[in-house]
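Close look at the chain arrangement
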Amino acid sequence: MGDGRGPLAGVKVVEMVGLGPGPFAGMMLADMGADVLAIDRPGGVSISLSHDICRRGKRVVELDVKTQAGRKAALEEIAGADALIEGNRPGVMERLGLGPADCHAVNPRLAYGRMTGWGQEGPLAHAAGHDLNYIALAGALHPMGAADRPPPVPLNLVGDYGGGALFLVVGLLAAIHEGRGRVVDAAMVDGASLMMSMFHSLRASGWWQDARAANFLDGAAHFYGCYACSDGKFVSVGAIETPFMKVLIDKAGLPEIWLQRHMDRAAWPVLKAELTALFATRTQAEWCDLLEGTDACFAPVLPFWEAHTHPHAVARGAFVTRDGVTEPAPAPRFSRPGPA
């Protein structure tokens, strides 16, 4: 639990345990020093992990809030809290007697955080859904993938965690700062939509074509993509700006004329095919020796279970070991030490 050393020392959060973004948001707050009490249902949530990273730093109790005694015990904890996190469908907490009005009756300053996919109102508010559905409706899924195939199924990062948990954390911190009992409606579809702001700007400015896989950030460009190496491993290149592309050209021995064709969309397919053939001539390690650490905007594509072994991750202490398992360290970092 928060041990008084983080920037949120002294802040108490009650988390109604659910799945995905709610517990992740609670973990982030605990990582920053908050005292997070996770109230789980008897027997635990439907998915039980032997090593659940999202429970680190929290105190966990089991309460049956469907009973009068369980509800009373929960309200006693909520009365002394700064924030609450819940991730149920709209109306569930109200039916349990733990909705915003019930909680604000015992704690008017409580920041009440609601984590859902569709939000608290609207025609889809009560419908089931998952990350893929939310980012689909937000317009974030459509630009992904090849032009001649359906969009791929990405990991549930954009909706659950980017558009969900992170927006919930930001909203809760703002509401805690105000201290006037706000309800924070954090909907994944809203967050994912807002994360597309740059792409709306690019399209409005004439920089984005409506066709899929036809733009400089969606895989069409040779200078922004992933390539297979001779050993079956992959590398990533993101040399968008001309000076960075020049470094790649110089290091890889490519023709100087490539700089003149850098933003020529008509030339991208040919240049991409040439880069594909070039990267296939060496192993990932050989390309790392040549390009890593330069301004070519290069990095090897690592499996997530190997990311902790990279020298950069080691140097930054980007991973920690807990109960014999390696897991990502808290982020962001602060100038003074936070919770252990």
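Residues numbered from 1 in each chain as written. Predicted model: local features only at pLDDT ≥ 70, side-chain atom pairs only at ≥ 80, totals over all residues. Heavy atoms only, no water.

Considering the side chain of Asn215
The condition is simple: Strands here are runs of E lasting at least two residues and helices are runs of H or I lasting at least four, both read from the DSSP assignment and numbered beginning at the N terminus. Residue exposure (1.4 Å probe, protein chains only): buried if accessible area is under 20% of the type maximum, exposed if over 50%, otherwise partly exposed. Identification of polar contacts relies on pairs of N or O atoms within 3.5 Å, with a donor-acceptor requirement for protein atoms, meaning one able to donate a hydrogen and the other able to accept it, and with residues adjacent in sequence counted only if both atoms are side-chain atoms. Contacts are residue-level and defined by heavy atoms, with any inter-residue pair within 4.5 Å sufficient.
Examined against the element boundaries, Asn215 turns out to sit in the loop between helix H8 (197-204) and strand E7 (224-228). Look at Asn215 and you get buried, because its relative accessible area is 0%. At 3.4 Å, the side chain of Asn215 and the backbone oxygen of Ala211 are in polar contact. Setting aside residues up to four positions removed in sequence, Asn215 forms contacts with Trp207, Trp208, Gln209, Ala220, Ala221, Arg265 and Trp268.

A look at the environment of Asp52
Mapped onto the secondary structure, Asp52 falls in the loop between strand E2 (35-40) and strand E3 (58-62). As a C-alpha pair, Asp52 and Pro23 span 29 residues in sequence and 9.9 Å in three-dimensional space. In terms of polar contacts, Asp52 uses its side chain to reach the backbone amide nitrogen of Cys54, at 3.1 Å.

Things to note about the sheet that holds strand E1 (residues 12-16)
Across a sheet, paired strands are connected by hydrogen bonds in the backbone, their directions being either parallel or antiparallel. We apply this condition: Here, any two strands with at least 2 DSSP bridges between them count as paired. Note on geometry: axes are C-alpha line fits, over the in-contact stretch for helices, and angles between N-to-C directions span 0 to 180 degrees.
The strand order across the open sheet formed by six strands is E3-E2-E1-E4-E5-E6, and the pairing between neighbours is parallel. The open sheet terminates on both sides in strands that have one partner only, identified here as E3 and strand E6 (183-187). Mean inter-strand twist for the sheet, computed between neighbouring axes without regard to direction, equals 20°. As judged from the three bridges shared by E1 and strand E4 (residues 83-86), these two strands associate in the parallel manner. In the sheet register, Glu15 faces E4, and the bridge partner there is Ile85. This element, helix H6 (residues 158-178), spans E4, strand E5 (111-116) and E6 of the sheet and lies at about 170° to E5.

Looking at unusual backbone geometry
Cis geometry is adopted by the peptide bond preceding Pro332, which originates at Ala331 and carries an omega value of 0°. Mapped onto the elements, Pro332 comes out in the segment after strand E11 (325-328). A positive phi is found at Ala213, a non-glycine position, where the angle reads about 55°. One non-glycine residue, Asp323, lies in positive phi territory at about 55°.

Regarding the pairing of strand E8 (residues 234-238)
In this structure, E7 lies alongside E8, joined through five bridges in antiparallel fashion. In the sheet register, Cys226 faces E8, and the bridge partner there is Ser236. Taking the residues that link successive antiparallel strands as the turn, the E7-E8 hairpin has five residues, and the phi of Gly232 there is positive, at about 85°. Bridge count for E8 against strand E9 (residues 298-301) is four bridges, and the pairing is antiparallel. The residue bridging Phe234 from the neighbouring strand is Val301, located in E9.

Description of the packing of aromatic side chains
For clarity, the cut-off: Centres within 6.5 Å are what make two rings of Phe, Tyr or Trp a pair, Trp counting through its six-membered ring; a difference in plane orientation under 30 degrees is then read as stacked, over 60 as edge-to-face, and the rest as tilted.
Per the counting criterion, the structure on display carries seven aromatic pairs. Where Trp118 meets Tyr134, the ring centres are 4.8 Å apart and the plane angle is 90°; that geometry is what we call edge-to-face. Of this pair, Trp118 sits in the loop between E5 and helix H5 (131-137) while Tyr134 sits in helix H5, and the two are 16 residues apart along the sequence. The pair formed by Trp118 and Tyr134 is uniform in burial state, with each residue classed as buried. Their ring planes at 80° and their centres at 5.0 Å tell us that Phe304 and Trp305 sit as a pair that is edge-to-face.

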